[in-house]
Amino acid sequence: ELKVEQNPLFLSMQEGKNYTIYCNYSTTSDRLYWYRQDPGKSLESLFVLLSNGAVKQEGRLMASLDTKARLSTLHITAAVHDLSATYFCAGRENTDKLIFGTGTRLQVFP
Amino acid sequence: EPEVTQTPSHQVTQMGQEVILRCVPISNHLYFYWYRQILGQKVEFLVSFYNNEISEKSEIFDDQFSVERPDGSNFTLKIRSTKLEDSAMYFCASSDWGPGDPQETQYFGPGTRLLVL
């Protein structure tokens, strides 16, 4: 069964800095999702990556997918406090269900 | 912008009691899901529902769980006899495209926090 691992689990970063969250998955996933979750809130869809080499950007966040390496990355550029949240990646193995990673709790401080 | 809604936002119940969690998916969506998230842990799939029947369910979704779409707008999750370990945040999600479709994205509701005492 598909397994999805994220690292790091916790990330504390200073405003203005860049960092990358990594999402590895164990078997073929027909797509890769990134979601954001604020404390006590629901999951907000950020990106859907469908194919090898896919890159999507929204504001300071950029996601990419390398299906050969079974790796997706979420890159944060010049972090701001508003980006503080937990970020989840999720894959799917030709079934209905999304398999979520453990999440990366990001805290951006001044 | 259309969104998935869920009621109640919080529910406290005694072990062994039945609970019904309610969801109103986005109106033109056809695919419906329940997930749960135990505090501090990852989000786990429970069940998917399409065309008035369960499409897929996880091993968590045992005989104590059931889902229903009683009318054209609501989608419910029932837990017949709650256990302590059922305490979690339950998320409903919906999609207008089916699994496998390139345009498919699951949109999540705000969740119901269930506490079983």
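Everything below is about the structure shown above.
Note that the structure is predicted; figures quoted are calculated from it, not measured.

Enquirer: Any details on the environment of F109 of chain A? Residues and values, ideally.
Expert: Residue and element names in this part refer to chain A. As for its position among the elements, F109 is in strand β11 (residues 104-109). Taking the C-alpha atoms as reference, F109 lies 8.6 Å from S84; in sequence the two are 25 residues apart. When neighbours within four sequence positions are excluded, F109 is seen to be in contact with S12, M13, Q14 and E15.

Enquirer: Describe unusual backbone geometry, naming the residues involved and giving the relevant values.
Expert: A cis amide bond links N7 of chain A with the next residue in sequence, P8 of chain A, at an omega value of 0°. Assignment of secondary structure puts P8 of chain A in the loop between β1 (4-7) and β2 (10-14). For the bond from T7 of chain B to P8 of chain B, the omega torsion is -10°, close enough to zero to count as cis. Looking at where P8 of chain B falls in the secondary structure, it is placed in the loop between β1 (5-7) and β2 (10-13). For N52 of chain B, which is not glycine, the phi dihedral falls at a positive 65°. Note that N52 of chain B resides in the loop between β5 (43-50) and β6 (53-57).

Enquirer: Tell me what's going on with the interface of chain A and chain B, and back it up with residues and numbers.
Expert: Facing the 22 residues of chain A at the interface are 22 residues of chain B. Carbon and sulfur atoms supply 51% of the area that chain A and chain B bury against each other, a total of about 1800 Å² over both sides. For the chain A face of the interface with chain B, the top three residues by lost area are D96, K97 and F100 of chain A, together amounting to 31%. At the junction of chain A with chain B, the criterion picks out two salt bridges. For E104 of chain B, the salt bridge is made with R31 of chain A, and the minimal N-O distance between the two is 3.7 Å.

Enquirer: Can you tell me about the state of the cysteines, naming the residues and giving the values?
Expert: In a disulfide, the sulfur atoms of two cysteines are held together by a covalent bond. Under the criterion given, the structure shown has two disulfides over all chains. Here C23 of chain A is linked by a disulfide to C89 of chain A, with a sulfur-sulfur distance of 2.0 Å. Between C23 of chain A and C89 of chain A the sulfur-sulfur dihedral comes to about 85°; the bridge is accordingly right-handed. Of this pair, C23 of chain A sits in strand β3 (residues 19-25) while C89 of chain A sits in strand β9 (residues 85-91), placing them 66 residues apart in sequence. C89 of chain A shares its class with C23 of chain A; the two are buried. Here C23 of chain B pairs with C92 of chain B through a disulfide, and the sulfurs are 2.0 Å apart. Residues C23 of chain B and C92 of chain B are joined by a disulfide whose S-S torsion is about -65°; by sign, that bridge is left-handed.

Enquirer: Tell me about the pattern of salt bridges, and name the residues and values.
Expert: Within the structure shown, the criterion is met by five salt bridges over all chains. The shortest N-O distance in the salt bridge between E104 of chain B and R92 of chain A comes to 2.8 Å. Taken together, the residues E104 of chain B in the loop between β9 (88-95) and β10 (107-108) and R92 of chain A in the loop between β9 and β10 (99-100) connect one chain to another. Since its relative accessible area comes to 0%, E104 of chain B is described here as buried. Classification of R92 of chain A by relative accessible area gives buried; the value is 0%. One salt bridge connects E44 of chain B with R36 of chain B, and the closest N-O pair in it is separated by 3.3 Å. Several salt bridges share partner residues, and in doing so they unite R31 and R92 of chain A together with E104 of chain B into one network.

Enquirer: Which residues make up the packing of aromatic side chains, and what values do they have?
Expert: Enumeration according to the criterion identifies 15 aromatic pairs over all chains in this entry. Ring geometry for F49 of chain B and F75 of chain B: centres 5.3 Å apart, planes at 40°, overall tilted. Here the residue F49 of chain B occupies a position in strand β5, and F75 of chain B occupies one in strand β8 (residues 75-79), the gap between them amounting to 26 residues. Considered together, F49 of chain B and F75 of chain B belong to a single accessibility category, that of buried residues. Joined through ring pairs, the aromatic side chains of Y33, Y35, F88 and F100 of chain A together with Y33, Y35, F45, F91 and F108 of chain B make up one cluster.

What counts as what
Residues numbered from 1 in each chain as written. Chains lettered and ligands numbered in written order. Predicted model: local features only at pLDDT ≥ 70, side-chain atom pairs only at ≥ 80, totals over all residues. Heavy atoms only, no water. Helix = DSSP H or I, 4+ residues; strand = E, 2+ residues; numbered from the N terminus. Contact = heavy atoms within 4.5 Å. Buried area = accessible area lost by both parts, 1.4 Å probe. Salt bridge = Lys/Arg side-chain N within 4 Å of Asp/Glu carboxyl O. Disulfide = S-S within 2.5 Å. Buried < 20%, exposed > 50% of the residue type's maximum accessible area, 1.4 Å probe, protein only. Phe/Tyr/Trp six-rings, centres within 6.5 Å; stacked < 30°, edge-to-face > 60°.

The values are spatial; any link to function lies outside them.
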